[in-house]
Amino acid sequence: MLLPAVRSAARRLGRDLPLPCRGCSRGAAGKGLVLGIYSSEKDGGAAQFTSAGDAFDRLVSGRLRELVSTCGPPLKKGKTRIYHGLHQDFPSVVVVGLGKKNAGINDQENWNEGKENIRAAVAVGCRQIQDLEITCVEVDPCGDAQAAAEGAVLGLHEYNELKQKKKPVVTPQLHGSAESEAWQKGVLYAEGQNLARYLMEAPANYITPIKFAEHIEQKLKSFSNVKVHIRPESWIVTQQMGAFLSVAKGSAEPPIFLEIHYSGGANASDPPLVFVGKGVTFDSGGISLKPSSGMDAMRADMGGAATVCSAIVTAAALNLPLNIIGLAPLCENMPSGKANKPGDVVRAKNGKTIQVDNTDAEGRLLLADALCYAHSFNARAIVNAATLTGAMDVALGSAATGVFTNSSWLWNHLYEASVVTGDRVWRMPLFQHYTKQVTDSPLADLSNIGKYSRAGGACTAAAFLKEFVTASHWAHLDIAGVMSNKDEVPYLRKGMAGRPTRTLVEFAARLCQESHNST
């Protein structure tokens with residue numbers, strides 16, 4: 001029991017102290033339970049349990065409500081309190097603050113605040129159960145089972161493949177059965193993002209171009225409506241992808257062009273959604289060598305490929321009724337006697353020549369050829385993702401993915417999807433102002449950097465890609481700023497973020513709904 005003086009101090013300071021309350025003792029191994037509680041709409045008012053919380057409180061004869069009301073101040077959003085010994089089936093119960101019950105879409109934040117509150121609260125609750133070394137946890141759906149599942153599965157993920165000492169694996173389950181379909185959908189969305197996180201976090205000597213392709217092939221082998229083509233260097237040569245090959249030739253690792261066909265649509269001939277992802281499995285910068293500090297993070301420079309391929313894996317698991325094609329040019333960017341040199345001129349698949357003024361602006365060379373190839377599929381829309389520019393990180397930080405698009409229809413769908421997932425997007429300009437900076441090249445049709453160097457770097461990179469696009473619905477997602485997470489997204493641990501995989505999946509799902517509504 002909290003001493004009166006301690007409880008009084010906690011209330012004055014507005015803190016939730018991690019001290020055991022009356023009736024609490026350290027839980028034995030068993031099943032954990034995470035329950036949500038809403039903040040009071042009025043200052044000083046009583047907090048309100050979710051439906052699952054109310055039901056559990058009745059099961060324990062009102063003891064949970066009594067403990068919550070007497071052991072410290074009201075639980076604020078994202079704060080937790082642990083109770084032990086309340087019920088034999090659940091030795092440890094974590095109550096998590098969900099914020100206000102009526103939280104919905106926040107027009108200032110451009111997301112659904114209620115969903116984000118659930119994801120964050122459930123994640124921290126599940127981690128506390130993991131800290132108690134309890135390997136199974138039931139999770140309150142909190143009024144949105146999909147968001148709760150996403151918070152649980154994303155919040156518990158951690159890359160520890162290469163460590164001998166690992167945290168216990170915790171299996172989250174839905175508490176109750178009322179929203180099992182939404183829960184499973186959330187699990188699949190989160191597992192898709194976790195796949196991208198895994199690929200991005202793994203060391204570059206573990207995820208080489210061929211190993212990346214084989215890992216995705218393995219994930220998709222159980223789906224009869226998916227074909228995976230792992231194209232070798234000889235195929236890339238026949239496709240005249242000179243820009244891509246110019247980057248790959250600096251490394252001893254051979255390049256791979258990964259091509260995925262998911263045929264979920266009613267008709268195989270229906271125009272597909274085409275995803276294209278930059279797949280540089282390690283980026284040293286080439287001859288324009290990056291600084292050594294932080295270079296290890298460039299194992300995640302294949303984040304574009306990781307997110308689009310993971311989105312297709314998720315779409316297949318969800319059995320989404322549309323056709324999707326995924327394209328991922330995979331290689332390393334390394335310095336060697338064979339590597340691109342500043343000033344070299346290379347020829348892309350569409351015949352345009354490119355002056356390589358900076359070998360560290362290599363991602364756009366891969367994408368140039370992949371985008372040309374994407375046009376051979378009569379695409380409904382082409383969406384490419386890439387950790388393309390440090391300038392994008394400078395512009396938006398980790399708050400949102402920068403989107404450059406020639407289609408308001410496409411932008412609206414991406415934006416609406418991001419509001420639901422909480423993995424936000426922000427529209428950036430594709431002005432002719434930037435195009436002129438990459439087409440004014442002394443030796444070739446294009447330069448791979450803007451003539452004013454760093455000015456508007458994310459915008460000039462997008463303008464460069466636009467020179468390889470003729471489709472009327474195209475979007476370029478620069479995900480450099482959202483590549484990793486420190487503590488900005490509370491339901492993701494520190495490390496590679498796998499963003500915006502869930503937004504891509506939700507976007508694809510919305511295209512399905514649009515097609516259904518139009519028939």
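Residues numbered from 1 in each chain as written. Predicted model: local features only at pLDDT ≥ 70, side-chain atom pairs only at ≥ 80, totals over all residues. Heavy atoms only, no water.

Per an unreviewed UniProt entry, the protein chain goes by Cytosol aminopeptidase and derives from Melopsittacus undulatus. Check the Subunit (unreviewed entry) section of the UniProt entry for the protein chain; it says "Homohexamer." UniProt lists a comment for the protein chain under the heading Subcellular location (unreviewed entry), and it reads "Cytoplasm". (UniProt positions renumbered as here; feature names shortened; annotations may be inferred.)

Engineer: Honestly, the pattern of salt bridges in this entry has me stumped. Any pointers?
Structural biologist: Between side chains of opposite charge, a pair can form when the charged atoms approach closely. According to the stated counting rule, one finds 25 salt bridges in the structure shown. Linking Arg 499 and Asp 423 is a salt bridge whose minimum nitrogen-to-oxygen distance equals 2.8 Å. With Arg 499 in the loop between strand 22 (495-496) and helix 16 (501-518) and Asp 423 in the loop between helix 13 (408-421) and strand 18 (425-427), this residue pair connects regions lying 76 residues apart in the sequence. Asp 423 sits in the buried class, given a relative accessible area of 2%. The partner of Glu 488 in a salt bridge is Lys 486, and the shortest N-O contact between them spans 3.2 Å. (Salt bridge = Lys/Arg side-chain N within 4 Å of Asp/Glu carboxyl O. Helix = DSSP H or I, 4+ residues; strand = E, 2+ residues; numbered from the N terminus. Buried < 20%, exposed > 50% of the residue type's maximum accessible area, 1.4 Å probe, protein only.)

Engineer: Looking at this structure, I do not really get the sheet that holds strand 15 (residues 353-356). What am I missing?
Structural biologist: Strand pairing within a sheet occurs via backbone hydrogen bonds; the two strands may be parallel or antiparallel. Spatial ordering of the open sheet is given by 14-15-19, a layout of three strands whose pairing is mixed. Each end of this open sheet is capped by a strand with a single partner; those strands are strand 14 (344-347) and strand 19 (446-447). (Pairing = 2+ DSSP bridges.)

Engineer: Quick question: what am I supposed to make of the layout of surface pockets here?
Structural biologist: Here the largest pocket is characterised by a volume of approximately 1000 Å³. Lining the largest pocket are 34 residues; nearest its centre among them are Lys 290, Leu 388, Thr 389, Gly 390 and Ala 391. In terms of residues, the lining of the largest pocket owes the most to one element, helix 12 (residues 390-396), which gives four residues. Tallied by class, residues from the lining of the largest pocket come to ten nonpolar, 13 polar and eleven charged. The computed volume of the second largest pocket comes to approximately 740 Å³. (1 Å grid on protein atoms, 1.4 Å probe; cavity = no way out; pocket = protein on both sides within 12 Å on 5 of 7 lines; lining within 4 Å. Points joined across faces, edges and corners; volume = space filled by probe spheres on them. Nonpolar A, V, L, I, M, F, W, Y, C, P; charged D, E, K, R; others polar.)

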